[in-house]
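What follows is each chain in one-letter form.
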Amino acid sequence: MNIYLLRHGQTNLNRDGKFQGAADKDLNEFGKIQAELLGKRIQKYNIDIIYSSDLKRVIETSKIINSYVNTDIIIKKELREINMGSWDTLTMEERYTTDEDYA
């Protein structure tokens with residue numbers, strides 16, 4: 001059995017260098033292209049199932065990939081990225097100037 005770990009495509013927060021964590025954002029156009037290219041690349045493998053978190057960017061990536069591998073997608077909240085709390089949507093610099101522990 002092989003397990004392939006894949007990351008979701010790019011969002012605007014990724015592009016802008018911001019923490020994303022549990023912030024539920026859609027893929028941007030480049031992220032959709034990334035997912036398409038990944039789907040084309042892995043279609044040669046025998047993918048039995050796709051597991052996805054319940055975040056929009058991950059579900060969208062999974063659905064695009066699945067258009068190439070045609071299998072079941074199981075969505076699990078437990079697969080979410082870590083919740084960054086007050087850091088979600090901030091850049092590293094913004095984190096240092098707004099977080100009381102670092103300011």
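Summarised in this report is the structure supplied together with it. (Residues numbered from 1 in each chain as written. Predicted model: local features only at pLDDT ≥ 70, side-chain atom pairs only at ≥ 80, totals over all residues. Heavy atoms only, no water.)

## Structural notes on the nonpolar core
Convention followed: Throughout, nonpolar core names a set of buried Ala, Val, Leu, Ile, Met, Phe, Trp, Tyr and Cys residues whose side chains join them through atoms within 4.5 Å. Partly exposed residues are those whose accessible area sits between 20% and 50% of the maximum for their type, while under 20% is buried and over 50% is exposed, using a 1.4 Å probe and protein chains only. A contact between two residues is defined here by any heavy atoms of the two lying within 4.5 Å.
Residues I42, I47, I50, I65 and V69 constitute the largest nonpolar core, which totals five residues. With residues near it in sequence (within four places) discarded, I42 still touches L6, I47, I65 and V69.

## Overview of helix α2 (residues 29-42)
For an α-helix the count is 3.6 residues per turn, leaving residues at separations of three or four pointing the same way. Defined as follows: By the criteria applied, helices consist of DSSP H or I runs no shorter than four residues and strands consist of E runs no shorter than two, each listed in order from the N terminus. A helix is expected to reach a length of 1.5 Å times the quantity of its residues less one. Arc, as used here, means the arc of the directions from the helix axis to the C-beta atoms.
With 14 residues, α2 should cover 20 Å at 1.5 Å per step; its first-to-last C-alpha distance of 20 Å lies within 8% of that length. Along α2, the residues classified as buried are G31, A35, G39 and I42. Take α2 and look down its axis: the buried residues cluster within an arc of 80 degrees, on one side only. Exposed side chains of α2 directed beyond 90 degrees from the buried face belong to E29, L37 and R41. In the core, the buried residues of α2 are packed alongside α3 (56-69).

## Focus: unusual backbone geometry
Across the chain, the bulk of peptide bonds are trans and the bulk of non-glycine residues have phi less than zero. With a phi close to 50 degrees, N70 is a non-glycine residue in the positive phi region. Within the secondary structure, N70 sits in the loop between α3 and β2 (72-75). For N70, a relative accessible area of 69% translates into the label exposed.

## Quick notes on the pairing of β2
Residues in a regular strand point their side chains to alternate faces of the sheet. Our working definition: The pairing criterion is simple: DSSP has to find at least two bridges between the two strands. Handedness rule for crossovers: strands pointing away from the viewer, path from the first strand over the helix to the second running clockwise, crossover right-handed.
Relative to β2, strand β1 (residues 49-52) runs parallel, the two being bridged by four bridges. From the neighbouring strand, S52 faces β2, where its bridge partner is I75. Taken together, β1, α3 and β2 constitute a β-α-β crossover, and its handedness is right-handed.

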